[in-house]
Structure formats: structure tokens, C-alpha cells
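The residues making up each chain are set out below.
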Amino acid sequence: AQSVAQPEDQVNVAEGNPLTVKCTYSVSGNPYLFWYVQYPNRGLQFLLKYITGDNLVKGSYGFEAEFNKSQTSFHLKKPSALVSDSALYFCAVRDGNYGQNFVFGPGTRLSVLP
Amino acid sequence: NAGVTQTPKFQVLKTGQSMTLQCAQDMNHEYMSWYRQDPGMGLRLIHYSVGAGITDQGEVPNGYNVSRSTTEDFPLRLLSAAPSQTSVYFCASSYGGSSYTDTQYFGPGTRLTVL
């Protein structure tokens, strides 16, 4: 069965510093990987996805993610964090058992400190 | 486009009461889903639909019913609410077909408390 792990419940980073939010996955077959962000009292917003091709994927709001097949990882990164990036981040993988739906990781709360 | 809309935003129920959470999308998406979000557990799939008239169970379907009479609407029914159903509920939609590359778009959520 597909699964997603986000090993850190909380990540703290100073504004202007680079940030990384970690994600590892386990899938049978091709991995289709997504990152979503949830701001307080809001729904999930799509950031980026990896389908195939270049291992470095660029997405919204200056975020990017690096796909590493050998380490089964899909870490989210940003070169310079903003206070407004503070939110809950979810990594997700397409779940072949349920059509186009996702298996989500538990989420990582990112706090960017001024 | 309004995207995916959900009503109500907040609801408090007593154990045993029933209610329907509404979800609508105006993007002509074939695929719609319901998830619940609980702290530390991410989102878990309740039910989904690949098109009007077709629904299927997800990972945690017990206690919930769905129907899909139109492409736009996908209501979620709680027949007899239980405290274990206290959660935040999200509706999502995507274009459809057999593509695994489509992005799912999420509504703003309904926060449900069952006393």
C-alpha cells in the first residue's frame, strides 16, 4: 500500500534563511507526488507536483521540490523563507487503490520567525 | 469561477443527529472526493465519485453516505452523528478520466463538532 511520511511535526526557520520540509514515500509503481499548503482556517492549496522528467520541480510562491528516486524522497524547499510562508504543509502521493485520490502525510507545521 | 465551495463552514451536532454537508464545484470536474482531517493524521479519504451516478468508498467510509446526481454537487450525509466524527471535512475535485497527474482542488472545509 502507498504511504507517505513527514518525519518532522514542526520546522522552525528564520526569515531569509532557506527552508526544507521533508517527505519520504512508499509506492508500488510510478510515484505521482504532490505538495499542498494549508493556511489557518483555509482549505488546501496546490503548490507543485512531480509526474515525470526533471527531478527538480518548481511550483507556486517560489517553492521547489527535489525528487530522489533512490532515497524515495520528495523534499520541499525554498531558498529564502518569508514569515507569510508559515503554514501547514502536506506531502501526498496518488493512491492507486482509490483512483485519483491521495494518501497524505501527517503534515509539517512550518514557522518562519521574523 | 468560485472553484469548490462547501457549506456550512461550522456545525455543532448532538450525538445521533443527522446532517448533510454540501459541496459544489463549477469547474465541470468529473472527479469529486470527501476527506476528513484529524490532527496528526493528515487527510483520509471517505468517499469519492468518478462521475454523476457513480460513487465508491474510500479508506474511512463508515457512518457516511454520499450520492452524485449532478456533475456539480457531491453532498456528504451523516445519518447518526457520533463524537468520533468530530473533524474538519474537505471536499475536492479534479478533471477526471484515468489520469493520475491531475491536480485536486480543495474547498475551504467544514468544521464539525459532535457533542
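What you see is a predicted model; the values in this text were computed from it and never measured. (Residues numbered from 1 in each chain as written. Chains lettered and ligands numbered in written order. Predicted model: local features only at pLDDT ≥ 70, side-chain atom pairs only at ≥ 80, totals over all residues. Heavy atoms only, no water.)

Chemist: Got a minute to help me understand the overall build of chain A in this structure?
Modeler: The helix and strand tally for chain A stands at zero helices and 12 strands. Reading the secondary structure of chain A in the N-to-C direction produces β-β-β-β-β-β-β-β-β-β-β-β. For 114 residues, the compact-globule estimate of 2.2 N^0.38 gives 13 Å, and chain A sits close to it at 13 Å. Expressed along its principal axes, the backbone C-alpha trace of chain A runs to roughly 40 × 30 × 20 Å. Expressed as a percentage of contacts within chain A between residues at least 6 apart in sequence, the contacts between residues at least 24 apart total 54%. For chain A, the accessible surface area stands at approximately 5200 Å², while carbon and sulfur atoms represent 48% of it. Side chains of chain A carry 9 positive and 8 negative charges; the gap between the two charge centres is 5 Å. (Helix = DSSP H or I, 4+ residues; strand = E, 2+ residues; numbered from the N terminus. Rg over C-alpha atoms; globule rule 2.2 N^0.38 Å. Contact = heavy atoms within 4.5 Å. Areas by Shrake-Rupley, 256 points an atom, 1.4 Å probe, with all protein chains shown as cover. Lys, Arg positive; Asp, Glu negative; His and termini not counted. Charge placed at Lys NZ, Arg CZ, Asp CG, Glu CD.)

Chemist: Explanation requested: the interface of chain B and chain A in the structure shown.
Modeler: Interfaces are often described in size by the accessible area the parts lose on coming together. Facing the 28 residues of chain B at the interface are 24 residues of chain A. Summed over both partners, the interface of chain B with chain A comes to about 2000 Å²; 52% of that surface belongs to carbon and sulfur atoms. Our count for the contact surface shared by chain B and chain A stands at zero salt bridges. If you look at where chain B meets chain A, you find nine residue pairs in polar contact (both at pLDDT 80 or more). Residue assignment for the side of chain B that touches chain A shows that the elements contributing at least two residues are strand S4 (31-37), strand S5 (43-51) and strand S9 (87-94) of chain B. Across the side of chain B that touches chain A, the residue classes break down as 10 nonpolar, 15 polar and three charged. (Buried area = accessible area lost by both parts, 1.4 Å probe. Salt bridge = Lys/Arg side-chain N within 4 Å of Asp/Glu carboxyl O. Polar contact = N/O pair within 3.5 Å; in protein donor to acceptor, adjacent residues only side chain to side chain. Nonpolar A, V, L, I, M, F, W, Y, C, P; charged D, E, K, R; others polar.)

Chemist: Help me out: how do you make sense of the state of the cysteines in this one?
Modeler: Disulfide: a covalent bond formed between the sulfur atoms of two cysteine residues. Summed over all chains, the structure comprises two disulfides over all chains. Each disulfide pairs two cysteine sulfurs, and for Cys23(A) the partner residue is Cys91(A), the sulfurs being separated by 2.0 Å. Taking the sign of the S-S torsion, -65 degrees for the link of Cys23(A) and Cys91(A), the bridge is left-handed. Of this pair, Cys23(A) sits in the loop between strand S3 (19-21) and strand S4 (24-26) while Cys91(A) sits in strand S10 (residues 87-94), placing them 68 residues apart in sequence. There is a disulfide in this structure between Cys23(B) and Cys91(B), and the S-S distance comes to 1.9 Å. Its S-S torsion of approximately -70 degrees makes the covalent link between Cys23(B) and Cys91(B) left-handed. (Disulfide = S-S within 2.5 Å.)

Chemist: In this structure, what is going on with unusual backbone geometry? I would like to understand it.
Modeler: Residues other than glycine predominantly adopt negative phi, and peptide bonds predominantly adopt the trans conformation. In this structure, Pro8(B) follows Thr7(B) across a cis peptide bond, with omega equal to -10 degrees. Not every positive phi belongs to a glycine, and Tyr61(A) is a case in point at roughly 60 degrees. Within the fold, Tyr61(A) resides in the loop between strand S7 (56-58) and strand S8 (64-68). Residue Tyr61(A) is classed as partly exposed on the basis of its relative accessible area, which comes to 47%. Located in the positive-phi region is Thr72(A), a residue other than glycine, with phi close to 45 degrees. (Buried < 20%, exposed > 50% of the residue type's maximum accessible area, 1.4 Å probe, protein only.)

Chemist: Can you walk me through the packing of aromatic side chains in this structure?
Modeler: Aromatic ring pairs: the centre-centre distance and the angle between the two ring planes describe each pair. For the structure on display, the rule yields 18 aromatic pairs over all chains. Note on Tyr36(A) and Phe46(A): the rings are 6.0 Å apart at their centroids and 70 degrees apart in plane angle, and the pair reads as edge-to-face. With a gap of 10 residues between them, Tyr36(A) in strand S5 (residues 33-38) and Phe46(A) in strand S6 (residues 44-50) connect regions that are remote in the sequence. Take Phe46(A): its relative accessible area is 25%, and that puts it in the partly exposed class. Note on Phe104(A) and Phe106(B): the rings are 6.1 Å apart at their centroids and 75 degrees apart in plane angle, and the pair reads as edge-to-face. Of this pair, Phe104(A) sits in strand S11 (residues 102-104) while Phe106(B) is found in strand S10 (residues 105-106), placing the two residues in two different chains. This pair shows no difference in class: Phe104(A) is buried, exactly as Phe106(B) is. Ring-pair connections join several aromatic residues into one group, and the members of that group are Phe34(A), Tyr36(A), Phe46(A), Phe90(A), Phe102(A), Phe104(A), Tyr35(B) and Phe106(B). (Phe/Tyr/Trp six-rings, centres within 6.5 Å; stacked < 30°, edge-to-face > 60°.)

Chemist: Help me understand the side chain of Gln38(A) in this model?
Modeler: Along the chain, Gln38(A) turns up in strand S5. According to the relative accessible area criterion, Gln38(A) is buried, its value standing at 9%. A distance of 3.0 Å separates the side chain of Gln38(A) from the backbone oxygen of Arg42(A), its partner in a polar contact. Among all residues touching Gln38(A), those that are not within four sequence positions of it are Gly43(A), Leu44(A), Ala87(A), Leu88(A), Phe90(A), Gln37(B) and Phe90(B).

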